[in-house]
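Now for the letters of each chain:
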Amino acid sequence: MNRDDFPLLKEDIIYFDNGATSLKPKCVIDKMNDYYTNYPANTHRGDYDLSFKVDQEYEEARELVRDFIHAKYLEEIVFTSGTTESLNMIVNGFFANLLEANDEVLITSSEHASNILPWFRLARKMGIKINYIPLDSNYYVTLDHIKKALTANTKVISIAGITNVIGDIRPIKQICKLAHENNIFVVLDGAQMVPHLPIDVLNLDVDFLAFSAHKMCGPTGVGVLYGKKELLEHLEPIVLGGGMNESFDNPSEVILSELPTRLEAGTRNIAGVIGFGEAIKYLNKIGMDNIYKYELELRKYLIDKLLPLKHIDIINIESDSGIVTFNVANVFSQDVAYYLNKYNICVRAGNHCAKILKSSVGVNNTVRVSLYFYNTFEEIDSLVELLSDYDKIVKEMI
Amino acid sequence: MDKEQSREIIMENYLHPQNRDLPHDGYDAINTRNESCIDNINLYIKWNEDILEDIVFDGEACAVSISSTSIMIKNLIGKKAKEALEYIKEFYHMTNGDDFNQELLGDACCYLEVSKQGNRKVCANLPLKGIEKAILEKIK
Ligand SMILES: Cc1ncc(COP(=O)(O)O)c(C=O)c1O
C-alpha cells in the first residue's frame, strides 16, 4: 500500500525492520523541511507571525495525537523524546513518589528493556518488588495468569500492548478492568501497538500510555506520554527549566505551568512534533483499520510460506501482528541477516532488547521480520525464495 | 588468499572450532561481546609465566566471531604476551584496511575481505579485543 509515498522504496531495497523504526513518507519529510525553511521560530516565545505559526502547528500536532488515541483532554498529551523517555517519566516522576517498599509491579519476561530497567532501578532504590506474569505456551499473557500473579501488594501492571519479539497482542482492556477492580494502575508500552492498529485509551481505560513517533512514519526523537489527567497532575517533572514555570522569585516560590507544558521543559523537538502531526494525518488517511488488516494478510502469507521449510523454526507461528520471529537451523541469526543483506533485504538479528526473554523462549537470538503497510506480497516472495535454499544460506552467509 | 579459500577457512573454523570447551581449573576467564550483545564469547586463558600456554572458549556468536576465535586460539597458543600483542595489532591493521604483515597473520588473513562488509569487522575483532584486554591486565 502507498509505496509511492516513500522515496526509499524507489530503490532496490526490501525493508522488513519496521519494529525498529519505520520509513518516512515524503509528506513528513517535507513538513519538517518546511518548518526549518520557512518558520523556524521557537514555541511560546514571540509575539510575531512566525512564532505564532509555530505554536499553531505544534498544538495542532497535539490535537492530532489526542484524536488519534481518543484521549479526552488535550492536556493529557505530553510530547517527549520517545517511548523510553515517557516510560522513565512515568516510573520516576509518578510511581517513585507513590510506591512504597514491598509494593509490587507486574511485568513480563518479554518486555523491552525500556519497560524493565526503570523499574529495576526503583526496586534497587526503594525496595519495591518486580514480579513476572508467567507466559503461556505461546508466550502469551492471559488473564488467568495475571490473576495468579496478583497479590495484595500489587500496585502496577506495566506491559507492552504488542511485544517486539513475539508480537502477541495483550488483552489490555480486560487487564485494565481486572487491575482497576483491584486498585492497580496499568502502564501501557504502546511502542509496537500504536503504529499498527486503532487505539482508544478511553475504551481501554489505561492509566498511562507511552509510544514513539519514529515507528509510525514520524521522525526520530519524538514520542508521547499519555496519562489520565488526574494522574498526570501528580507526575512530578524530572526535567526543570525554560517554558515550564510561571514564576520563580525564590527557591520556595516556584510556580509551575499547567499541564502539559509543565512536563515539556526546554525547547522541544519542534520540527519533530510538527512532522509527527503530519505522520498522523497520513496514517489517518490510510486508516488504521486498513493497516492492521493488511498486515495480518501479509503475516499469514509469510507464515504459510515459511511453514513447509524444514530448516526454519518459527518462534511465533501464532500471533496477531506483523512480527515474525524465526531461526534457521544451525545458522546464527546474525549470519542470516548478513546473508539477506547481500540481497538488500533488511531484517533484524539478535535479542531485540528483550534480554530476559531467553528464560521463557529458550533461545537467545532470533531473526525478526517486522512488517508495515508498505511491504508487499512480492517482497515476501523474494524473502522466502532466499530462505528456501538452505545450502545457499550456508554458502553465502560469509 | 582468494575469496573461496578465505571462505573455506572461515567455515572450517566455524563448524569445527579449536578448543571450544568448558573452562578448566587454573584458567583466567574473560568475557567479550559486541555492542548489540549478540556475539558473546567467554575466553579462558592458562598462563605459564608470560606465555599463553592454553586458551579455550565457549559462548554464542556468528560464524565470523566463532571462526576468528578459533583461528586466534590456534595462532596465539605458545606465544609470549608481547608477541601476542604484536599479532593482535597486525590483525587490527588488516581489518582497518591498513597495510599489515601477512606472514605473521597466516590463515587469519581470511578476514581481509569479510571485514569490509558492514560491521563484520567488529565480529572478526571480537575475540582479539577480549584477549588483548586479558594480556594487558596480565602484564600491567
Ligand atoms: C516494545 C517496545 N518498547 C519500547 C521501545 C523503545 O522505544 P524508543 O527507542 O523509541 O524509546 C521499543 C522500541 O524498540 C519497543 O519495541
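Residues numbered from 1 in each chain as written. Chains lettered and ligands numbered in written order. Predicted model: local features only at pLDDT ≥ 70, side-chain atom pairs only at ≥ 80, totals over all residues. Heavy atoms only, no water.

Remarks on the overall build of chain A
Point 1. Counting secondary structure elements, chain A contains 14 helices and 15 strands.
Point 2. Rg of the C-alpha trace for chain A: 22 Å, near the compact-globule value of 21 Å for 398 residues, within the 12% margin.
Point 3. Considered along the principal axes of its C-alpha atoms, chain A spans approximately 75 × 55 × 35 Å.
Point 4. Considering only residue pairs separated by 6 or more positions, chain A has 70% of its internal contacts joining residues 24 or more positions apart.
Point 5. If you sum the accessible surface of chain A, you get close to 16,300 Å²; carbon and sulfur atoms cover 51% of it.
Point 6. Here chain A carries 39 positive and 54 negative side-chain charges, and the mean point of each set is 4 Å from the other. (Helix = DSSP H or I, 4+ residues; strand = E, 2+ residues; numbered from the N terminus. Rg over C-alpha atoms; globule rule 2.2 N^0.38 Å. Contact = heavy atoms within 4.5 Å. Areas by Shrake-Rupley, 256 points an atom, 1.4 Å probe, with all protein chains shown as cover. Lys, Arg positive; Asp, Glu negative; His and termini not counted. Charge placed at Lys NZ, Arg CZ, Asp CG, Glu CD.)

Observations regarding the packing of aromatic side chains
Residue and element names in this part refer to chain A.
Point 1. Scanning the entire structure with this criterion turns up 21 aromatic pairs over all chains.
Point 2. Connected via pairs of aromatic rings, a cluster forms that spans Phe6, Tyr282, Tyr372, Phe373 and Tyr374.
Point 3. Between lysine 53 and the ring centre of tyrosine 39, over which it is positioned, the NZ or CZ distance is 4.7 Å. (Phe/Tyr/Trp six-rings, centres within 6.5 Å; stacked < 30°, edge-to-face > 60°. Lys NZ or Arg CZ within 6 Å of the ring centre and 35° of its normal.)

Some remarks on the pattern of salt bridges
Point 1. Tallying each qualifying case throughout the model produces 28 salt bridges over all chains.
Point 2. Its salt-bridge partner being Arg3(A), residue Glu379(A) comes within 3.0 Å of it at the nearest N-O pair. Linking Glu379(A) in helix H13 (residues 377-388) with Arg3(A) in the segment before strand E1 (14-15), this pair joins segments that are 376 residues apart in sequence.
Point 3. Classification of Glu379(A) by relative accessible area gives buried; the value is 6%.
Point 4. With its nearest N and O atoms 3.9 Å apart, the salt bridge here joins Arg7(B) to Glu4(B). One end of the pair, Arg7(B), and the other, Glu4(B), are both in helix H1 (residues 3-15), three residues apart, so they sit about a helical turn from each other.
Point 5. For Glu4(B), a relative accessible area of 38% translates into the label partly exposed.
Point 6. Taken together, the salt bridges that share partners define one network made up of Lys31(A), Lys53(A), Glu57(A), Glu60(A), Glu278(A) and Lys281(A). (Salt bridge = Lys/Arg side-chain N within 4 Å of Asp/Glu carboxyl O. Buried < 20%, exposed > 50% of the residue type's maximum accessible area, 1.4 Å probe, protein only.)

Some thoughts on the site of the ligand
Residues and elements named next belong to chain A.
Point 1. Around the ligand, the surrounding shell consists of Thr83, Thr84, His112, Ser114, Asn164, Asp189, Ala191, Gln192, Ser212, His214 and Lys215.
Point 2. One nitrogen or oxygen atom from the side chain of aspartate 189 is found 2.5 Å from a nitrogen atom belonging to the ligand.
Point 3. In this structure, an oxygen atom belonging to the ligand sits 2.6 Å away from a side-chain N or O atom of lysine 215.
Point 4. When isolated, the ligand has an accessible area of 390 Å², and the protein chains bury 85% of it. (Near = heavy atom within 4 Å. Polar contact = N/O pair within 3.5 Å; in protein donor to acceptor, adjacent residues only side chain to side chain.)

Notes on a nonpolar patch on the surface
Residue and element names in this part refer to chain A.
Point 1. A cluster of nonpolar side chains, Phe248, Val254 and Leu256, forms an exposed patch at the surface whose accessible area comes to about 270 Å².
Point 2. Tracing the sequence through the fold places valine 254 in strand E10 (residues 254-256).
Point 3. A relative accessible area of 42% places valine 254 in the partly exposed class. (Patch = residues over 30% accessible without salt bridge, like charges linked within 9 Å, V, L, I, M, F, W, Y side chains within 5 Å.)

Observations regarding the sheet that holds strand E12 (residues 323-328) of chain A
Residues and elements named next belong to chain A.
Point 1. Taken in spatial order, the four strands of this open sheet run E11-E12-E15-E14, and their pairing is antiparallel. Strands at the two margins of the open sheet, each flanked by one partner only, are strand E11 (312-314) and strand E14 (348-350). Strand-to-strand twist in this sheet, taken as the mean axis angle between neighbours without regard to direction, amounts to 30 degrees.
Point 2. Note: E14 against strand E15 (residues 366-370), three bridges, orientation antiparallel. Each residue of the ladder has a partner; that of arginine 348, found in E15, is arginine 368.
Point 3. Of the strands in this sheet, E11, E12 and E15 touch helix H10 (residues 288-306), which is tilted by about 20 degrees from E12. (Pairing = 2+ DSSP bridges. Axes fitted to C-alpha atoms, helices over the stretch in contact; angles between N-to-C directions.)

Some thoughts on the packing of helix H1 (residues 26-38) of chain A against helix H9 (residues 270-286) of chain A
All names here are of chain A.
Point 1. Contact geometry of H1 with H9 gives a least axis separation of 8 Å together with a crossing angle of 145 degrees. Of the two elements, H1 crosses H9, and the hand of that crossing is right-handed. Here Cys27, Val28, Lys31, Met32, Tyr35 and Tyr36 of H1 come into contact with H9, specifically with Ile270, Ala271, Gly272, Ile274, Gly275, Glu278, Ala279 and Tyr282. (Left-handed = near helix turned anticlockwise from the far one by under 90°.)

Observations regarding the interface of chain B and chain A
Point 1. On the side of chain A, 17 residues touch chain B, which itself brings 18 residues to the contact.
Point 2. Between chain B and chain A, roughly 1,400 Å² of surface is buried when both sides are summed, and carbon and sulfur atoms account for 53% of that area.
Point 3. When the area that chain B buries against chain A is broken down by residue, the three leading residues are Arg7(B), Ile38(B) and Arg120(B), summing to 39%.
Point 4. For the pair chain B and chain A, the number of links is one salt bridge. (Buried area = accessible area lost by both parts, 1.4 Å probe.)

A word on helix H2 (residues 49-69) of chain A
All names here are of chain A.
Point 1. Between the first and last C-alpha of H2 there are 31 Å, a value that for 21 residues agrees with the 30 Å anticipated at 1.5 Å per step.
Point 2. Buried residues of H2: Ser51, Val54, Asp55, Glu57, Tyr58, Ala61, Arg62, Leu64, Val65, Arg66, Phe68 and Ile69, and no others.
Point 3. Immediately downstream of H2, the backbone of histidine 70 shows phi near 60 degrees, a positive value. (Expected span 1.5 Å × (residues − 1).)

Observations concerning the domain arrangement of chain A
All names here are of chain A.
Point 1. Annotation of chain A at the domain level lists domain 1 (3-16 + 287-397) and domain 2 (26-285).
Point 2. Placing the centre of domain 1 and that of domain 2 at their C-alpha centroids yields a distance of 29 Å.
Point 3. Across the domain 1/domain 2 interface, buried area totals approximately 2,500 Å², and carbon plus sulfur atoms make up 61% of it.
Point 4. The interface formed by domain 1 and domain 2 holds zero salt bridges in total.
Point 5. Remark: the boundary between domain 1 and domain 2 carries 15 residue pairs in polar contact (both at pLDDT 80 or more).
Point 6. Here the side of domain 1 that touches domain 2 takes five residues from H10, the largest share from any one element.
Point 7. Considered class by class, the residues forming the side of domain 1 that touches domain 2 number 15 nonpolar, eight polar and six charged. (Domains from an automatic or database assignment. Nonpolar A, V, L, I, M, F, W, Y, C, P; charged D, E, K, R; others polar.)

Side note on the environment of Val78(A)
Residues and elements named next belong to chain A.
Point 1. Of note, valine 78 is situated in strand E2 (residues 77-80).
Point 2. When its relative accessible area of 0% is taken as the criterion, valine 78 is described as buried.
Point 3. A sequence separation of 16 residues divides valine 78 from arginine 62, and the C-alpha atoms of the two residues are 8.0 Å apart.
Point 4. Once residues lying within four places of it in the same chain are set aside, the contact partners of valine 78 are Arg62, Met89, Gly223, Val224, Leu225, Leu232, Pro260, Leu263 and Glu264.

What to know about the nonpolar core
It is characteristic of soluble globular proteins that their nonpolar side chains tend to be buried jointly.
Residue and element names in this part refer to chain A.
Point 1. Ranked by size, the top nonpolar core spans 146 residues in total, and within it Ile69, Val206, Leu209, Phe276, Leu283, Phe373 and Leu387 carry the most contacts.
Point 2. The element that contributes the greatest number of residues to this core is H9, accounting for ten residues.
Point 3. Two domains share this core, each providing at least three of its residues, namely domain 1 (3-16 + 287-397) and domain 2 (26-285).
Point 4. In this structure, phenylalanine 373 is in contact with Met1, Asn2, Phe6, Cys217, Tyr282, Leu283, Ile286, Ile291, Tyr294 and Glu295, ignoring residues within four places of it in sequence.
Point 5. One finds Phe95, Ile116, Trp119 and Leu259 within the second-largest nonpolar core, a separate group that totals 27 residues. (Core = buried A, V, L, I, M, F, W, Y, C linked by side-chain atoms within 4.5 Å.)

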